[in-house]
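Each chain is listed here by its residues.
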Amino acid sequence: MKKQTKQIKPLFGLDLGMGACKLFGSTGGLQLPSHVATDNRQVVSRLVTGMRSKKPPMKVSVDGRDYYVGQGAHEWGRPIENLDYERLTGAPEMQAIFYGAFTRYQAEHGRIQQPVTLYVGLPLEPLSGEETAVKATLANVRGWLKGDHSWTADGEPFALAVEEVKITSQPTGALFDYLLDDNGRFLAARKGHMKQEIGIVSVGFNTVELLAIQDLRPVQRFTAGSTSGVRRLLELINGEGLYSLGELDGQLRDGSLDTREALPVWAREVTGQIERVWGRQWKRFAQIVTVGGGAVLLNGQLTTRFSGKAYLPDDAVLAIARGLYKMALMQEAK
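A quick note: this is a predicted structure, and the numbers were derived from the prediction, not measured.

### Quick look at the overall build of the protein
Okay, so step 1: Looking only at helices and strands, the protein has 10 helices and 16 strands in total.
Okay, so step 2: For 334 residues, the compact-globule estimate of 2.2 N^0.38 gives 20 Å, and the protein sits close to it at 20 Å.
Okay, so step 3: Taken along the three principal axes of its C-alpha coordinates, the protein extends 65 × 65 × 35 Å.
Okay, so step 4: A total of 334 residues make up the protein; the buried ones form 53% of that total.
Okay, so step 5: Across the protein, the fraction of contacts at a sequence separation of at least 24, relative to all contacts at a separation of at least 6, is 67%.
Okay, so step 6: Counting every atom, the protein has about 16200 Å² of accessible surface; 48% of that belongs to carbon and sulfur.
Okay, so step 7: Taken as two groups, the 40 positive and 36 negative side-chain charges of the protein have centres that lie 7 Å from each other.

So this is what it looks like as structure tokens:
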């Protein structure tokens with residue numbers, strides 16, 4: 001009798017970042033900028049002479065209300081910039097971004113017919129502190145993600161069934177991206193690092209998160225987070241409040257934002273946070289893994305600061321979601 005092969009349902013790593021929603025599955029990954037706006041204004045006709053037309057961003061309908069999501073959303077509607085952690089527990093704008101990411105994934109890779117399992121990465125702060133509060137956060141995140149979802153995007157119906165939701169921290173995703181290969185197996189050259197201390201620096205849109213891990217356990221004294229992410233760089237540039245953060249983030253992504261004066265100031269704030277938490281004790285770490293869009297912006301500074309110990313993965317923005325997917329492969333194969 002032939003040995004039955006274990007059937008693995010579709011797995012996804014999901015990084016619910018404040019700057020972008022990152023999604024990674026068996027056929028690849030993508031990021032959707034977490035820009036969202038309500039559709040509450042009339043659009044100037046494309047037939048107006050002398051005016052160039054521009055394609056609107058994706059329009060997602062959630063519970064009968066329309067939202068623009070992704071790059072350019074803030075140019076088309078009233079910006080929603082709720083950046084507190086309550087957003088992660090199922091705010092309508094978070095649902096719109098989640099649906100937008102899965103819409104784009106299915107447009108690129110085909111419709112998802114089977115129920116899926118999500119491995120979700122959250123920031124450290126809502127996963128820290130009083131146990132009752134952490135349990136409530138985990139329950140709320142699972143509550144809105146798990147189950148049957150249906151929505152429309154640009155008038156087209158979509159559906160997704162989420163069978164299981166497993167939650168960990170975003171830096172944990174970065175760790176497994178470093179330790180595992182594309183099949184969810186430990187890389188021989190890096191497996192030995194598990195017994196040593198590995199430092200994780202995640203510089204995202206909203207936060208800078210530091211985590212040290214030894215034998216897959218956090219070293220509490222070297223673990224901390226602060227709201228000094230890329231958002232802070234944009235706030236330094238936006239002193240007069242002339243733009244939404246989403247508009248500035250869009251300019252940063254397309255290379256049109258002048259960061260020459262603000263970038264060194266922000267870089268010192270980030271390295272100052274690292275100094276306060278790690279001091280010089282980072283020298284004892286076997287490796288320091290740096291991820292996130294902010295890590296790309298700061299690559300030169302971090303490499304210099306850590307005397308060559310800093311490792312920046314390819315596509316550092318998608319690294320957390322990719323690591324969560326690798327972790328899912330490892331866990332589900334057991």
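Here the narrative resumes, following the displayed structure.
### Notes on the pairing of strand S3 (residues 28-33)
Okay, so step 1: Relative to S3, strand S2 (residues 20-25) runs antiparallel, the two sharing 6 bridges. Across the sheet, the residue bridging to Phe 24 is Gly 29, located in S3.
Okay, so step 2: Hairpin connection from S2 to S3: 2 residues lie between these consecutive antiparallel strands.

### Observations regarding the confidence of the model for the protein
Okay, so step 1: Averaged over all residues, the pLDDT of the protein is 90; the fraction at 70 or higher stands at 93%.
Okay, so step 2: Across residues 1-5, confidence stays below pLDDT 50; counting only partners more than four residues off in sequence or on other chains, it has 0 contacts.

### As for helix H10 (residues 319-332)
Okay, so step 1: Here H10 spans 20 Å end to end across 14 residues, near enough to the 20 Å set by a 1.5 Å rise per residue.
Okay, so step 2: Buried residues dominate H10, accounting for 13 of its 14 residues.

### Points about the packing of aromatic side chains
Okay, so step 1: Under the defined criterion, the tally for this structure stands at 14 aromatic pairs.
Okay, so step 2: Ring centres of Phe 98 and Phe 102 lie 5.2 Å apart, and the angle between their planes is 65°; this geometry places the pair in the edge-to-face category. Here Phe 98 and its partner Phe 102 are both found in helix H1 (residues 92-109), 4 residues apart, which amounts to about one turn of the helix. Residue Phe 98 shares its accessibility class with Phe 102, and that shared class is buried.
Okay, so step 3: With a centroid separation of 5.6 Å and an interplanar angle of 75°, the aromatic rings of Phe 222 and Phe 285 are classed as edge-to-face. A residue pair is termed long-range when its members are at least 10 positions apart, and Phe 222 in the loop between strand S13 (217-218) and strand S14 (224-226) and Phe 285 in the loop between helix H7 (262-278) and strand S15 (287-291) qualify at 63 residues. The burial state of Phe 222 is the same as that of Phe 285; both residues are buried.

### Concerning the side chain of Glu 209
Okay, so step 1: Assignment of secondary structure puts Glu 209 in strand S12 (residues 208-214).
Okay, so step 2: Lys 22 is the oppositely charged side chain nearest to the buried, salt-bridge-free Glu 209, at an N-O distance of 10 Å.
Okay, so step 3: For Glu 209, the side chain forms a polar contact with the main-chain nitrogen of Leu 124, separated by 2.7 Å.
Okay, so step 4: Setting aside chain neighbours within four positions, we find Glu 209 in contact with Pro 123, Leu 124, Glu 125, Gln 170, Pro 171, Ile 200, Val 201, Ser 202, Ala 224 and Gly 225.

### Remarks on unusual backbone geometry
Okay, so step 1: Positioned with a positive phi, Asp 215 is a non-glycine residue whose angle comes to about 55°.
Okay, so step 2: According to the relative accessible area criterion, Asp 215 is partly exposed, its value standing at 27%.
Okay, so step 3: One non-glycine residue, Asp 315, lies in the positive phi region at around 50°.
Okay, so step 4: Tracing the chain through its elements places Asp 315 in the loop between strand S16 (310-311) and H10.
Okay, so step 5: Asp 315 gets classed as partly exposed once you look at its relative accessible area, which sits at 41%.

### A closer look at the side chain of Ser 61
Okay, so step 1: Along the chain, Ser 61 turns up in strand S5 (residues 58-62).
Okay, so step 2: Note on Ser 61: relative accessible area 17%, which makes it buried.
Okay, so step 3: Once you skip the residues sitting within four places of it in the chain, Ser 61 turns out to touch Asp 66, Trp 151 and Thr 152.

### A closer look at the environment of Ile 80
Okay, so step 1: You can see Ile 80 is positioned in strand S7 (residues 78-80).
Okay, so step 2: The spatial distance from the C-alpha of Ile 80 to the C-alpha of Gly 25 is 28 Å, given a sequence separation of 55 residues.
Okay, so step 3: Every residue in contact with Ile 80, bar those within four places of it in the chain, is listed here: Val 36, Ala 37, Thr 38, Tyr 67, His 74 and Glu 93.

### A word on the packing of helix H3 (residues 170-179) against H10
Okay, so step 1: Running from N to C, H3 and H10 point in directions that differ by 70°, and their axes come no closer than 7 Å. With respect to each other, H3 and H10 are oriented roughly perpendicular. Where H3 approaches H10, its residues Gln 170, Thr 172, Gly 173, Ala 174, Phe 176 and Asp 177 are matched on the opposing element by Ala 319, Ile 320, Arg 322, Gly 323, Leu 324, Lys 326, Met 327 and Met 330.

Definitions and limits used
- Residues numbered from 1 in each chain as written.
- Predicted model: local features only at pLDDT ≥ 70, side-chain atom pairs only at ≥ 80, totals over all residues.
- Heavy atoms only, no water.
- Helix = DSSP H or I, 4+ residues; strand = E, 2+ residues; numbered from the N terminus.
- Rg over C-alpha atoms; globule rule 2.2 N^0.38 Å.
- Buried < 20%, exposed > 50% of the residue type's maximum accessible area, 1.4 Å probe, protein only.
- Contact = heavy atoms within 4.5 Å.
- Areas by Shrake-Rupley, 256 points an atom, 1.4 Å probe, with all protein chains shown as cover.
- Lys, Arg positive; Asp, Glu negative; His and termini not counted.
- Charge placed at Lys NZ, Arg CZ, Asp CG, Glu CD.
- Pairing = 2+ DSSP bridges.
- pLDDT = per-residue confidence, 0-100.
- Expected span 1.5 Å × (residues − 1).
- Phe/Tyr/Trp six-rings, centres within 6.5 Å; stacked < 30°, edge-to-face > 60°.
- Salt bridge = Lys/Arg side-chain N within 4 Å of Asp/Glu carboxyl O.
- Polar contact = N/O pair within 3.5 Å; in protein donor to acceptor, adjacent residues only side chain to side chain.
- Axes fitted to C-alpha atoms, helices over the stretch in contact; angles between N-to-C directions.
- Parallel < 35°, antiparallel > 145°, perpendicular 65-115°, else oblique.

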